[in-house]
Amino acid sequence: MFLDLKKVLAVGLMAVVFGLMTVVSRADSYYRPTNDGGNFGLGLELGDPGSWGVDGKFWIDRVNAFQPAVKFDDGGDAILQLDYLWHNFDIIRIKNGNGELPFYIGVGGDVVLQSSALFAVRMPLGISYIFNKRHVPIDIYFQVVPTLWFYDSGATLDWYPELGAHIYL
């Protein structure tokens, strides 16, 4: 019996994401980054690899979060991403009380699903503005992501800028 690697990876990533959603949704008291939203954000991301994608953010507590994404390139390839992020709210403090500006760093991976799967290790470095106003459960972020791609013939290091936003549910 022949297993398609793309299908196995896609099902595996979906199982991880749904498992994380279950763990996060069962927490009795969880961190809510915005006044009116929950700890799960859903949004869009622009930037390489791929040109755009749908991403999410699952806050575990005030410092830690998972950020999965599915991105698409012009050739129709899907790129699956999963990052674990650590946030620091003390580097930049906003005095007006209308939001927070945490710096974050993370570690994660990419899987490109095409005729042969490609793998990468990534390390997002970013800054996020989390709105702290009533009825605005949104954050916007910018990150630079050094990514080490592994190929049959070797490895390459690329740097990708990414811009995105989440609405918290």
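This one's a predicted model, so the numbers in the text were calculated from it and none came from an experiment.

Rules and cut-offs
- Residues numbered from 1 in each chain as written.
- Predicted model: local features only at pLDDT ≥ 70, side-chain atom pairs only at ≥ 80, totals over all residues.
- Heavy atoms only, no water.
- Phe/Tyr/Trp six-rings, centres within 6.5 Å; stacked < 30°, edge-to-face > 60°.
- Buried < 20%, exposed > 50% of the residue type's maximum accessible area, 1.4 Å probe, protein only.
- Lys NZ or Arg CZ within 6 Å of the ring centre and 35° of its normal.
- Helix = DSSP H or I, 4+ residues; strand = E, 2+ residues; numbered from the N terminus.
- Contact = heavy atoms within 4.5 Å.
- Polar contact = N/O pair within 3.5 Å; in protein donor to acceptor, adjacent residues only side chain to side chain.
- Salt bridge = Lys/Arg side-chain N within 4 Å of Asp/Glu carboxyl O.
- Pairing = 2+ DSSP bridges.

A.B. asks: Which residues make up the packing of aromatic side chains, and what values do they have?
C.D. replies: Taken as a whole and assessed by the stated rule, the structure comprises six aromatic pairs. Between the aromatic rings of Y84 and W86, the centroid separation amounts to 5.0 Å while the plane-to-plane angle is 75°, which identifies the pairing as edge-to-face. Exposure remark for Y84: the relative accessible area of 24% places this residue in the partly exposed category. Here a set of aromatic residues connected by ring pairs shows up, and it is made of F66, Y84 and W86. Over the aromatic face of Y104 sits the side chain of K57, whose NZ or CZ is 5.1 Å from the ring centroid.

A.B. asks: Outline the environment of Q81, listing residues and values.
C.D. replies: By secondary structure assignment, the location of Q81 is in strand β4 (residues 78-88). Through-space distance from the C-alpha of Q81 to that of K71 is 7.9 Å; in sequence the pair is ten residues apart. Q81 has contacts with E45, P49, Q67, P68, A69, K71, G109, D110, R122 and E162, leaving out every residue within four places of it along the chain. One polar contact links Q81 to D110, side chain to side chain, over a distance of 3.3 Å.

A.B. asks: Which residues make up the pattern of salt bridges, and what are the values?
C.D. replies: Considering all chains together, one arrives at seven salt bridges under this definition. Put simply, E45 and K71 hold a salt bridge, and the shortest N to O gap is 3.2 Å. Residue E45 is located in strand β1 (residues 40-47), and its partner K71 is located in strand β3 (residues 64-72); the two are separated by 26 residues in the primary sequence. Side by side, E45 and K71 carry an identical accessibility label, which is buried. Between R93 and D90 there is a salt bridge, with its nearest N and O atoms 2.5 Å apart. In terms of burial, R93 and D90 fall into one category: exposed. Counted as one network, the salt bridges with shared partners bring together E45, K71, D83, D110, R122 and E162.

A.B. asks: Give me the lowdown on the pairing of strand β2 (residues 52-59), citing residues and values where you can.
C.D. replies: Within β2, six of the eight residues are buried, which leaves the element mostly enclosed by the surrounding structure. Bridge count between β1 and β2: seven bridges; the pairing is antiparallel. Pairing of G41 across the sheet is with K57, part of β2. Hairpin connection of β1 to β2: four residues between the antiparallel strands, including G50 at a positive phi of 80°. Pairing of β2 with β3, which is carried by six bridges, proceeds in the antiparallel orientation. Across the sheet, F58 pairs through a bridge with F66, a residue of β3. Hairpin remark: β2 followed by β3, antiparallel, with four residues in the connecting loop.

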